[in-house]
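Survey of secondary and tertiary structure
Here is how the chains run, residue by residue.
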Amino acid sequence: MRGWFLPLAVAFGFIFLYAPIISLVVFSFNESRLVTVWGGFSTRWYGELLRDRQILGSAWISLQVAFWSANLAVIVGTLGAFVLTRFGRFAGRLLLTGMITAPLVMPEVITGLSLLLLFVSMELTLGWPAGRGLITIIIAHTTFCAAFVAVIAQTRLRQMDESLEEAARDLGAGPVRVFFDITLPVITPALVAGWLLAFTLSLDDLVIASFVSGPGASTLPMVIFSKVRLGVSPDVNALATIIIGFVLVAVIIAGWLLRRTARRM
Amino acid sequence: MDGPAIAADTRPWRDPAARPFISVRDVVKTFGDFTAVCDVDLDIYKGELFCLLGESGCGKSTLLRMLAGFEVPTRGRIEIDDEDMAQVPPDRRPTNMMFQSYALFPHMTVEKNVAYGLLREGVKKPEAYARALDMLRMVKLEKQARRKPDQLSGGQRQRVALARALVKRPKLLLLDEPLGALDKKLREETQFELIRIQETLGVTFIVVTHDQDEAMTLATRIGVMKDGMIEQIGEPREIYETPNSRFVADFIGTVNLFEGRVEAAAPDMMRIDTPDLGPVLVSPQVGLSRGQQVWAALRPERFWLTREKPENAPNAWHGHVEEMGYIGHMSHYRIRLDSGVLVRASQSNRLRDEDPISWDEKAWVSVNPAAFRVLTR
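Every value quoted in this text rests on a predicted model; they were computed, and no experiment measured them.

Another point: the sheet that holds strand β1 (residues 22–31) of chain B. Residue and element names in this part refer to chain B. Strand order in this open sheet of four strands is β2-β1-β4-β5, and the pairing throughout is antiparallel. The two strands at the open ends of the sheet, each matched to only one other strand, are β2 (34–44) and β5 (83–84). Taken together, the five bridges between β1 and strand β4 (residues 75–80) define a ladder with antiparallel strand orientation. Pairing of R25 across the sheet is with R77, part of β4. In the packing of helix α1 (residues 60–68) onto the sheet, contacts are made with β1, β2 and β4, and the angle to β2 comes to roughly 65 degrees.

Next up, the structure:
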């Protein structure tokens, strides 16, 4: 029975997961203006895409947001993970453990709404951030990306042999020196993987960005979504194909880095 | 630097006027409601190779970590070279440690690993690397200087860890199960290598181990630990020949224990009545009184095995050999005496063409009165 069942099950699984994506990629090379009618192979919509100022502008915004929020998320997430794994017991540790992973399970609508309320009331009381735009999206993305980085970094820090840090202390390095000389290099591959993950998550996000963005700061997913509501145009297929390519590469690199460090331990 | 003479031939611990180099006073360490180390008092002298010996969980590693500064004693005082260590963090102590896992930095080459401590001390780069290479030469690894730790064998990693711990010339080197991860043959070679290095450099070593053979081979003195307390401190010979408790006697080597009461204590001979052997004559020991409950301890190799009843033997019993194990240089026997008690005896096979007593034979076992050690606990 195993002879035919297993390949069949695998085939079904792959079709279920990837058929939509594959059809999207195929139709991105469609000549016809009608999305569901095949009119021959062409890269016309890729060319059209490059002339679309709105899409290019929003792509640039998305890349900026993803870059900065991934950077900030790695810093915040690593610090959080380090405190939780190396500082022993302290008041509020349990609370922090729970709260650092809360953004992972919180519905995005709620995260988005609460951040929007926070930004509005901050603007009213502190005068900052003035209006909503790039900065507020970066802050919002940092909060939920940091949660992912913290989880990855925590796992790595737990696996790491703590006597490495003790050995460096023993050889005359102060605590800060030990962090930069030993801890950071050892967990770097995990942090790179975390960065890539944060970058992709930020690039993907529609819901939170919609809540906290302002005029003139529409991210790529926001633009696509609004375009699709007016009817699917074939250049969106081309754009989606490019994004899939980027995400695929990032995920593969992240996975490879994580596996390599796991093996080297 | 002091010559190599200090290691083995002088024994400062026998001199009551000698000043200890490390003194541990009434040290207690608790984790929550678990007491890991309990009222430990310990004096260690310059140039010693001191072994802390005990089963896992006996507190020996915690004691070592307190000396290195990774754990803070709950109570008590630790002094190294007359300096109180209470407020000194691990990076400013005159000690270095060799970790059980070796803890080599995986992202640095062997050379960088060894030079790391010198660079932190402020030694200039060229000098630090030159000294690191000297150290690697001593452990015969100068050819592997540019490799990463994961390209080395277990034995090579062990030597890198040793070189890294020694390169700063610490006053005190702490070694946590230094040979634990090596196979038997390599371990034996490395033991003597460790002694050679220790004698050449004149550094004081404290070694934590659970392996009694290792402790006996390496140590100038051994501290046997149990349940966070030090049971006995002494030279290997003292620990083996005059253990102070049944635990120590049993933990180091093999021992036959016979419970009994002191029957008569004459100045030249003492008699102990035991249910297992009947009356036993032993050389007198101080501090025992008539009627006291004691245990007569006897090492297996102190039994004489003969086919005929020995003449003029004060302690001789008849029995038959139930089991015999021939392992080359020695033969181990389990002998059932006529009283029903089973004793363990061993004989060294000094002659090639002997006709040794074998299993199922009847035999006499006899013991010199001086061979017993009488224990009170």
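Let us look at the pairing of β1(B). Residue and element names in this part refer to chain B. Pairing geometry for β1 and β2, over seven bridges, is antiparallel. When the sheet's bridge partners are listed, V27 is paired in β2 with V40. Here β1 folds back onto β2, and the loop between the two strands holds two residues, one of which, G32, carries a positive phi near 60 degrees.

Mapping S226(A) onto the fold places it in helix α10 (residues 220–229). Sequence-wise, S226(A) and A209(A) are 17 residues apart; in three dimensions their C-alpha atoms are separated by 13 Å.

Going from W128(A) to P129(A), the amide bond is cis rather than trans, its omega being -5 degrees. Inspection of the secondary structure puts P129(A) in the loop between α5 (108–126) and α6 (134–159). In this structure, D26(B) is a non-glycine residue whose phi angle is positive, near 50 degrees. Judged by the 12 C-beta atoms lying within 10 Å of it, D26(B) is exposed.

What counts, and where the lines are drawn
- Residues numbered from 1 in each chain as written.
- Chains lettered and ligands numbered in written order.
- Predicted model: local features only at pLDDT ≥ 70, side-chain atom pairs only at ≥ 80, totals over all residues.
- Pairing = 2+ DSSP bridges.
- Helix = DSSP H or I, 4+ residues; strand = E, 2+ residues; numbered from the N terminus.
- Contact = placed C-beta atoms within 7 Å.
- Axes fitted to C-alpha atoms, helices over the stretch in contact; angles between N-to-C directions.
- Buried ≥ 20, exposed ≤ 12 C-beta atoms within 10 Å, placed from the backbone.

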